[in-house]
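Fold and contact review
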Amino acid sequence: MELYPILGCALLGAGIVALVIPLILRLARRYGWGRSRDFHHTHKTVVPRLGGLALAAAFVGVEGLVWLTLPEQCSKIPGRLTVILSSLAMFAVGFWDDLQALGARRKLLLQVLIALYAHYEGIGIEELTLPFSEQSVHLHGWGFVLTVL
């Protein structure tokens, strides 16, 4: 695999994040979108909660570039669309929770449902390779559990 396409994608992603983060910070300050101190956040000041939006924008931007420039390669990767959709769905749950607290149970339920969808579509952990030994352990039914966790 050539280094240049990978480097180009990395630079595009970093560029998108570098452009979107200042915009998010400006909007967060203007509209008061931030998380104040609460049970599990101990920041001394209000912290903008929407930084994940920049990462999602970079993910979509890089995926769009790859899809436009290498469509034949994208079609050869099984489960690619499922990984993209599941990733964006997980982001959407976190983003929704940032905007309006979902509660731990509801958030966990949504995350488990997304993981179940990914498993149903064929994305999962089927075996583990033990470090330093090259030995693989087939997980059988435990692969499903590990995938959802």
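Our structure's up above, just so we're on the same page.
Here's a quick rundown of the structure. Just so we're clear, the structure is a prediction, and the values are computed from it rather than from any experiment.

1. Remarks on the environment of T69
Topologically, T69 is positioned in helix α2 (residues 52-69). From its side chain, T69 meets the backbone oxygen of L65 in a polar contact 2.7 Å long.

2. As for the side chain of D97
On the secondary structure map, D97 appears in helix α4 (residues 80-99). Owing to a relative accessible area of 13%, D97 belongs among the buried residues under this scheme.

3. Considering the pattern of salt bridges
Within this structure, the stated rule accounts for two salt bridges. Of the charged contacts in the structure, one is a salt bridge between R80 and E63, with a shortest N-O distance of 2.7 Å. One end of the pair, R80, is in helix α4; the other, E63, is in helix α2, and 17 residues separate them in sequence. Considered together, R80 and E63 belong to a single accessibility category, that of buried residues. A salt bridge links D97 to K107; its shortest N-O distance comes to 3.3 Å. Here K107 lies in helix α5 (residues 104-120) and D97 lies in helix α4, a separation of ten residues in the sequence.

4. Here's the deal with the side chain of R80
The exposure class assigned to R80 is buried, which follows from its relative accessible area of 19%. Among the polar contacts listed, one links the side chain of R80 to the side chain of E63, at a separation of 2.7 Å. Look past the residues within four positions of R80 in its chain and what remains in contact with it is E63, V66 and C74.

5. Observations regarding helix α1 (residues 3-31)
In this model α1 runs 42 Å from its N-terminal to its C-terminal C-alpha over 29 residues, within 8% of the 42 Å that 1.5 Å per residue would give. Along α1, the positions that sit buried rather than exposed are C9, G13, I16, V20, I24 and A28. Contacts from the buried residues of α1 go to α2. Among the residues trailing α1, G32 stands out with phi positive, at a value near 70 degrees.

6. Details of α5
An ideal rise of 1.5 Å per residue puts 24 Å on 17 residues; α5 measures up with 24 Å between its terminal C-alpha atoms. Buried within α5 we find I114, A115 and A118. For α5, the angular spread of the buried residues around the axis is 100 degrees, confining them to a single face. In α5, the exposed residues that point more than 90 degrees away from the buried face are R105 and Y120. On its buried face, α5 is in contact with α4 and α6 (142-148). Once α5 ends, the next one or two residues include G122, with phi positive near 100 degrees.

7. A few points about a nonpolar patch on the surface
A contiguous nonpolar surface patch, about 740 Å² in accessible area, is contributed by L109, L113, L116, W142, F144, V145 and L149. At the level of elements, α5 and α6 are the ones that each hand at least two residues to the nonpolar patch.

Definitions and limits used
Residues numbered from 1 in each chain as written. Predicted model: local features only at pLDDT ≥ 70, side-chain atom pairs only at ≥ 80, totals over all residues. Heavy atoms only, no water. Helix = DSSP H or I, 4+ residues; strand = E, 2+ residues; numbered from the N terminus. Polar contact = N/O pair within 3.5 Å; in protein donor to acceptor, adjacent residues only side chain to side chain. Buried < 20%, exposed > 50% of the residue type's maximum accessible area, 1.4 Å probe, protein only. Salt bridge = Lys/Arg side-chain N within 4 Å of Asp/Glu carboxyl O. Contact = heavy atoms within 4.5 Å. Expected span 1.5 Å × (residues − 1). Arc of directions from axis to C-beta. Patch = residues over 30% accessible without salt bridge, like charges linked within 9 Å, V, L, I, M, F, W, Y side chains within 5 Å. Areas by Shrake-Rupley, 256 points an atom, 1.4 Å probe, with all protein chains shown as cover.

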